[in-house]
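Listed here are the chains, written in short residue letters.
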Amino acid sequence: FPGGEHEVAIVKTEIPGPISSKMREELGQIQDVGAIKYFIDFSASRGNFVVDVDGNTLLDMYSHIASLPIGYNNPAMLQVFQDPENLPLLAHRPALGNAPPAGWAARLTGTLLAAAPRGLERVQ
C-alpha cells in the first residue's frame, strides 16, 4: 500500500470501546444506532485496516459495502480530491446519466477507458 499500512490488527479495548460507546449514546438521542458497532478514525485508518476512535486497528472486511477497493487514505485518491477541477463535481454530485458536466466524455476517455481491458470501448 502506498504510504504504508498497518501490519496487524491490534485490539486495545472491548469493541465497542468507551469512546465509541459514548458517541453511540450521543447519536442515539437523535437517530437510530442499532447497526453501529464503533466509530471510525478515518485519519488513522490506512489501506485495508480501519482504526476506531478507541485506537483499535482492525482488518476491514466490510470496506463500506465494497465502495473502498483501494483502501483508506490512498495517496492517489486523496490527490484526486485536492484537484480544483474535481471540486464542483464533489460538491454537487451530479446525476451523470442525466445531466453530465461539460467535458465528461474526455474525462471518461482519460480515466475509465484508459484503464479498461482491451476491446472494451464503452463505459456506463
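Just so it is clear, the structure is predicted and the values come from calculations on it, not from any experiment.

A. Here's a closer look at the overall build of the chain. In terms of helices and strands, the chain carries 6 helices and 2 strands. Along the chain, helices and strands appear, N-terminal first, in the series α-β-β-α-α-α-α-α. A compact globule built from 124 residues would reach a C-alpha radius of gyration of about 14 Å, whereas the chain, at 19 Å, exceeds it by more than 25%. Its C-alpha atoms give the chain principal-axis dimensions of roughly 50 × 35 × 25 Å. Within the chain, the fraction of its 124 residues that count as buried is 17%. A separation threshold of at least 6 residues defines the contact pool for the chain, and within that pool the share at least 24 residues apart is 49%. When the 9 positive and 13 negative side-chain charges of the chain are each reduced to one mean point, those points stand 7 Å apart.

B. Region of the structure containing the packing of aromatic side chains. By the definition in use, this model includes 1 aromatic pair. Aromatic pair F42 and Y72: ring centres 6.1 Å apart, planes at 50°, arrangement tilted. Of this pair, F42 sits in the loop between α1 (18–27) and β1 (49–51) while Y72 sits in the loop between α2 (63–66) and α3 (75–82), placing them 30 residues apart in sequence. According to the relative accessible area criterion, F42 is partly exposed, its value standing at 46%. The class of Y72 is buried, set by a relative accessible area of 4%.

C. Examining the environment of V50 more closely. Inspection of the secondary structure assignment puts V50 in strand β1. As for V50 and H6, which are separated by 44 residues in sequence, their C-alpha atoms are 9.0 Å apart. Setting aside residues up to four positions removed in sequence, V50 forms contacts with Y38, I40, S45, N56, T57, L58, D60 and Y72.

Rules of the game
Residues numbered from 1 in each chain as written. Predicted model: local features only at pLDDT ≥ 70, side-chain atom pairs only at ≥ 80, totals over all residues. Heavy atoms only, no water. Helix = DSSP H or I, 4+ residues; strand = E, 2+ residues; numbered from the N terminus. Rg over C-alpha atoms; globule rule 2.2 N^0.38 Å. Buried < 20%, exposed > 50% of the residue type's maximum accessible area, 1.4 Å probe, protein only. Contact = heavy atoms within 4.5 Å. Lys, Arg positive; Asp, Glu negative; His and termini not counted. Charge placed at Lys NZ, Arg CZ, Asp CG, Glu CD. Phe/Tyr/Trp six-rings, centres within 6.5 Å; stacked < 30°, edge-to-face > 60°.

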